[in-house]
Amino acid sequence: MIFHKAQLDNGLQIIAELNPNAHSLAIGYFVRTGSRDETDAVSGVSHFLEHMAFKGNEKYSADDVNRIFDEIGANYNASTSEEITLFYGSFLPEYVETAMELLSTLIYPTLRQEDFDMEKKVILEEIGMYDDLHSFTAYEKVMQAHFKGHPLGRSILGSVQSITDLTAEQMREYHAKQYMAGNLTLAIAGNADWEQILQLAHKLCDHWPAGKSDRPIDEAQPGTGTQTIIEKAIQQQHIMQLGPAPAAQDMLRLPAEVLSVVIGDDSNSRLYWKLVDTGLAESAEIGFNEYDGSGTWLTYLCCDPELTEDNRKLIQQIFDDVNENGITQEELDRARNKIASRLVLRSERPMGRLSSLGGNWVYRGEYFSVADDLKLLNNITLTDIQKLLEKYPLGHSTTAAVGPLTSIVD
């Protein structure tokens, strides 16, 4: 693995982890923009823009973009989160020039009015589809409550009202502000020639507008309380809870990742053995989510409504025990081995490395090789876990419930 980095005069950052022995190549544009960078007036515009990117520009139509990606056998897609919009694909190395040109096309689409009007209907359908996913509804509600008054509380999809009211001109203004070259990182992993990558980047991206938008990243002060959405027709109760955890720039994020595996992984964790393996719940997990300046413990419980309160008490008992007594060395070793295995297996494919490569650069401006990640992981001690728990104990500030129950005791 050989790491390279460069920056164009307009601010576009280019990073690459190249491996001449790889059989494929993965490329991604990481745009530092998401729902937290929106205003109420344009809520959902980042995700809408992700869709509009595939509508093409003056050179390529929407049909052209998708047809050519298919012709080169690409695995391509895009995603939008609270903080990053990512356009990515994996290809055979001989198609690097075509792939980079197409991915670059996605960054500056034409944003035609007729395409906007058509895609708005698709977005509204997608919002309706996600409204039927009860776990997603619980997630949306708990994020809004936990981050009330903070940009991270904004919905990624937006609302039916905000999307209906959104205009193409508002989208163009948001795009011009957020898609400046200084907000973008071009990441490459796999088999490619660095000099060719630089030449293509200059050819395709030198004319992009310079600049970088501002994003305040003060740590959020979480809200409190419980929201209950009554859905009598469903058979299970969905509970989402959020509590404060380390931010993306905090070294405590590494112990937090380990602890989430020990306590709430979907297999061989304390919550799994206590609730899922015993048949008390379909799902009982805790995950760690990192953001710019803030972080969360996310606890999810899905079970028979009649077992909800007893299961929540069991979860709290586990949290209380961990907060007071920590975890064992055996649990720490097992979690480190599990994370190491996932990390290494994922890294064997360029597409698997792309997310870590770009994410580390966007959030921390640093490059970590697989060996670096493994070293950091193996250096985590029980003392680090204790420091984490002293600052960010397991628990929750906010709760959202979706299901037949008319109230949730908190």
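A quick note: this is a predicted structure, and the numbers were derived from the prediction, not measured.

Right, let's get into helix α11 (residues 308–325). End to end, α11 covers 26 Å across 18 residues, agreeing with the expected 26 Å (1.5 Å per residue, within 8%). Considered for burial, the residues of α11 that qualify are T308, N311, R312, L314, I315, I318, F319 and V322. Down the axis, α11 shows its buried residues gathered within 160 degrees of arc, on one side only. Across α11 from its buried face, at more than 90 degrees, point the exposed residues K313 and E324. The positive-phi residue at the C-terminal boundary of α11 is G326, with phi of around 75 degrees.

Glancing now at the sheet that holds strand β7 (residues 225–230). Spatial ordering of the open sheet is given by β7-β11-β8-β10-β9, a layout of five strands whose pairing is mixed. At either end of the open sheet lies a strand with only one pairing partner, and these are β7 and β9 (283–290). Strand-to-strand twist of the sheet, defined as the mean angle between neighbouring strand axes without regard to direction, takes the value 15 degrees. Relative to strand β10 (residues 295–303), strand β8 (residues 237–244) runs antiparallel, the two being bridged by eight bridges. Paired with Q241 across the two strands is T299, which belongs to β10. In the packing of α11 onto the sheet, contacts are made with β8, β9, β10 and β11 (398–403), and the angle to β10 comes to roughly 145 degrees.

The strands making up a sheet associate through backbone hydrogen bonding, with each pair oriented either parallel or antiparallel. With mixed pairing, the six strands of this open sheet are ordered in space as β1-β2-β6-β3-β5-β4. The open sheet has two edge strands, β1 (2–7) and β4 (75–80), and neither has a second partner. Within the sheet, the average angular offset between the axes of one strand and its neighbour, ignoring direction, is 10 degrees. In this structure, β4 lies alongside strand β5 (residues 85–91), joined through six bridges in antiparallel fashion. By the bridge assignment for β5, N77 is matched with Y88. Sitting on the sheet, helix α1 (residues 45–52) is in contact with β4 and β5, with an inclination near 160 degrees to β4. Those strands touched by helix α3 (residues 96–107) are β3 (25–31), β5 and β6 (184–190), and its axis lies near 15 degrees from that of β3.

Here helix α2 (residues 62–71) crosses α3 at 150 degrees, and the two axes come no closer than 11 Å. The pairing of α2 with α3 is recorded here as roughly antiparallel in orientation. Relative to α3, the crossing made by α2 is left-handed. Where α2 approaches α3, its residues V65, I68 and F69 are matched on the opposing element by T98, L102, L103, T105 and L106.

This next bit is on the packing of aromatic side chains. In this structure the tally under the stated criterion is 12 aromatic pairs. Taken together, a centroid distance of 6.1 Å and an interplanar angle of 85 degrees make the contact between F147 and Y291 edge-to-face. One end of the pair, F147, is in the loop between α5 (134–146) and α6 (160–165); the other, Y291, is in the loop between β9 and β10, and 144 residues separate them in sequence. Considered together, F147 and Y291 belong to a single accessibility category, that of buried residues. Every member of this aromatic cluster is reached through a ring pair, and the members are F54, F69, Y76 and F91.

Here the structure, examined in full by the defined rule, presents 23 salt bridges. Between E97 and K203 there is a salt bridge; the shortest N-O distance is 3.8 Å. Here the residue E97 occupies a position in helix α3, and K203 occupies one in helix α8 (residues 194–205), the gap between them amounting to 106 residues. For R270, the salt bridge identified is with E331, shortest N-O distance 2.8 Å. Of this pair, R270 sits in helix α10 (residues 270–276) while E331 sits in helix α12 (residues 329–347), placing them 61 residues apart in sequence. Judged by relative accessible area, which is 12%, E331 ranks as buried.

Our next topic: the nonpolar core. If you look at the biggest cluster of nonpolar residues, it comprises 56 residues, and the most contacted ones within it are I14, I27, F87, M171 and I188. Excluding its chain neighbours within four sequence positions, the residues that come into contact with I27 are F87, Y88, G89, F91, V96, A99, M100, L103, L186, A187, I188 and L354. Formed by 38 residues, the second largest nonpolar core is a distinct cluster that contains V262, L301, C303 and Y392.

We now examine the state of the cysteines. What is meant by a disulfide is a covalent connection between two cysteines, made through their sulfur atoms. In total, this model carries zero disulfides according to the counting rule given. No disulfide involves C302; its sulfur sits 6.9 Å from that of C303, the nearest cysteine. With relative accessibility at 2%, the residue C302 sits in the buried group.

Looking now at the pairing of β9. The two faces of a sheet get side chains in turn, since along a regular strand they alternate between them. Strand direction decides the pairing type here: β9 and β10, joined by eight bridges, are antiparallel. In the sheet register, G287 faces β10, and the bridge partner there is L298. With antiparallel pairing between neighbouring strands as the criterion, β9 and β10 make up a hairpin whose turn holds four residues, including G293 at a positive phi of roughly 85 degrees.

Let us now look at the pairing of strand β2 (residues 13–18). Burial analysis of β2 places five of its six residues in the buried class, which makes it a mostly covered element. Sheet topology places β1 next to β2; six bridges connect them, and they run antiparallel. If you follow K5 over to β2, its bridge partner there is I15. Pairing between β2 and β6: six bridges, direction parallel. Residue pairing for β6: I14 is matched across the bridge by L186.

Take the side chain of E17 next. With respect to the helices and strands, the residue E17 is situated in strand β2. At a separation of 2.8 Å, a polar atom in the side chain of E17 contacts the side chain of R353. Apart from residues lying up to four places away in sequence, E17 is in contact with M1, I2, I188, A189, G190, R353, L357, Y367 and S369.

How each quantity is defined
Residues numbered from 1 in each chain as written. Predicted model: local features only at pLDDT ≥ 70, side-chain atom pairs only at ≥ 80, totals over all residues. Heavy atoms only, no water. Helix = DSSP H or I, 4+ residues; strand = E, 2+ residues; numbered from the N terminus. Expected span 1.5 Å × (residues − 1). Buried < 20%, exposed > 50% of the residue type's maximum accessible area, 1.4 Å probe, protein only. Arc of directions from axis to C-beta. Pairing = 2+ DSSP bridges. Axes fitted to C-alpha atoms, helices over the stretch in contact; angles between N-to-C directions. Contact = heavy atoms within 4.5 Å. Parallel < 35°, antiparallel > 145°, perpendicular 65-115°, else oblique. Left-handed = near helix turned anticlockwise from the far one by under 90°. Phe/Tyr/Trp six-rings, centres within 6.5 Å; stacked < 30°, edge-to-face > 60°. Salt bridge = Lys/Arg side-chain N within 4 Å of Asp/Glu carboxyl O. Core = buried A, V, L, I, M, F, W, Y, C linked by side-chain atoms within 4.5 Å. Disulfide = S-S within 2.5 Å. Polar contact = N/O pair within 3.5 Å; in protein donor to acceptor, adjacent residues only side chain to side chain.

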